[in-house]
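Structural features, examined
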Amino acid sequence: VALDSETGSAYATAAGVLRTSDEEVRVENLRKRYIPRKGDFVVGIVMGRNSEFYKVDIRSPSAAFLPTLAWNGATKRNRPVLEIGMLVYARVEAAHPDLDTELSCVDPDTKKSWNTGEVMLGELKGGLSFEIALSAAQRLLSADCFILDRLGKDFAFEICVGQNGRVQLQAPTARESVLLLQAIRRSFGMTNVQIEAMVGKMVEVFS
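An account of the accompanying structure is given in this report.

We now examine the pairing of strand β12 (residues 158-161). With four bridges connecting them, β12 and strand β13 (residues 166-170) associate as antiparallel partners. Each residue of the ladder has a partner; that of V161, found in β13, is V167. Turn length for the β12-β13 hairpin, with the two strands adjacent in sequence and antiparallel, is four residues, and the turn residue G165 shows positive phi of about 85°.

Encoded structure:
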């Protein structure tokens, strides 16, 4: 949604579903291809690397690059080493239609080093990854996401949702991970009552 400086009117910049609440109006984008924006948090897959940067797939029209030193406290002698196929959670540092998108794993909100394991950004280890629509990712990222809140009452899991529609999910067992993934995917389009019934059946399976 953008604002017309002359008239003060707001208008949609992309086609989607209009959602309104007491405090905000937003448009859930229906496009499948992610368009990077500075400040977005994304889940990427390492596609290649050299001494200076990693090439990362973020579901955008072209691959992004992540400098090898763009981590908290990283130096040439002390920096993470990512292999092809690994998942990484990063912030879009720079995005321009005519230039490659630049990513960063530097978290300005902490002084801790990347190798403490306590920095939010960086390699995502274990679990499984899957892709969802951009509008579905927006729902999972909302503070009042019913499906994640409801699942969290009966199941232990960790989830990382990128604004680019890629998700990493980790649960105690592979079976739980798959069932949680299926429940999250099925929840899109369901009412809260239907989600409650679905999760209730999952609890019965594991009880």
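Still more to cover.
What follows covers the layout of surface pockets. By volume, the second largest pocket amounts to about 290 Å³. Split into classes, the residues belonging to the lining of the second largest pocket amount to nine nonpolar, two polar and three charged.

As a further point, take the side chain of D107. Mapped onto the elements, D107 comes out in the loop between β9 (99-104) and β10 (122-124). Of the side chains bearing the opposite charge, R91 lies closest to the buried D107, which forms no salt bridge; the N-O distance is 5.9 Å. Not counting residues within four places of it along the chain, the set of residues in contact with D107 comprises N72, V119, M120 and L121.

Summarising the element assignment, A136 is placed in helix α1 (residues 134-141). Distance from A136 to F188, taken between C-alpha atoms, is 6.9 Å for residues 52 residues apart in sequence.

Counting across every chain of the model gives two aromatic pairs. When the centroid spacing of 5.9 Å and the interplanar angle of 70° are considered together, the rings of F53 and F65 count as edge-to-face. With a gap of twelve residues between them, F53 in strand β6 (residues 53-57) and F65 in strand β7 (residues 64-67) connect regions that are remote in the sequence. For F53, a relative accessible area of 33% translates into the label partly exposed.

Let us look at the nonpolar core. L66 and L103 are the most contacted members of the largest nonpolar core, which has 24 residues in total. For this core, the secondary-structure elements that each account for two or more residues are β5 (41-49), β6, β7 and β8 (87-96). Counting residues per element, this core draws most heavily on β8, which supplies five residues. The residues touching L66, leaving out its near neighbours within four places in the chain, are F53, Y54, V56, W71, L82, V88, L103, S104 and C105. By size, the runner-up hydrophobic cluster in this structure holds 22 residues, among which are L180, I184, I195 and V199.

What follows is about helix α4 (residues 192-206). The α-helix advances 3.6 residues per turn, and as a result positions three or four apart in sequence lie on the same side. In this model α4 runs 21 Å from its N-terminal to its C-terminal C-alpha over 15 residues, within 8% of the 21 Å that 1.5 Å per residue would give. Within α4, burial applies to I195, M198, V199 and M202. The buried residues of α4 occupy an angular sector of 95° when the element is viewed end-on, so they sit on one face. Within α4, the exposed residues directed more than 90 degrees away from the buried face are V193, K201 and E204. Next to the buried residues of α4 lie α2 (146-152) and α3 (174-187).

Here the focus is the sheet that holds β12. One open sheet accounts for three strands, arranged β11-β13-β12; its pairing is antiparallel. Each having just a single partner strand, β11 (128-131) and β12 make up the two edges of the open sheet. Geometrically, the sheet is characterised by an average inter-axis angle of 20° between neighbouring strands, direction not taken into account. Taken strand by strand, α3 contacts β11, β12 and β13, and its axis lies near 20° from that of β11.

Analysis parameters
Residues numbered from 1 in each chain as written. Predicted model: local features only at pLDDT ≥ 70, side-chain atom pairs only at ≥ 80, totals over all residues. Heavy atoms only, no water. Pairing = 2+ DSSP bridges. Helix = DSSP H or I, 4+ residues; strand = E, 2+ residues; numbered from the N terminus. 1 Å grid on protein atoms, 1.4 Å probe; cavity = no way out; pocket = protein on both sides within 12 Å on 5 of 7 lines; lining within 4 Å. Points joined across faces, edges and corners; volume = space filled by probe spheres on them. Nonpolar A, V, L, I, M, F, W, Y, C, P; charged D, E, K, R; others polar. Buried < 20%, exposed > 50% of the residue type's maximum accessible area, 1.4 Å probe, protein only. Lys, Arg positive; Asp, Glu negative; His and termini not counted. Salt bridge = Lys/Arg side-chain N within 4 Å of Asp/Glu carboxyl O. Contact = heavy atoms within 4.5 Å. Phe/Tyr/Trp six-rings, centres within 6.5 Å; stacked < 30°, edge-to-face > 60°. Core = buried A, V, L, I, M, F, W, Y, C linked by side-chain atoms within 4.5 Å. Expected span 1.5 Å × (residues − 1). Arc of directions from axis to C-beta. Axes fitted to C-alpha atoms, helices over the stretch in contact; angles between N-to-C directions.

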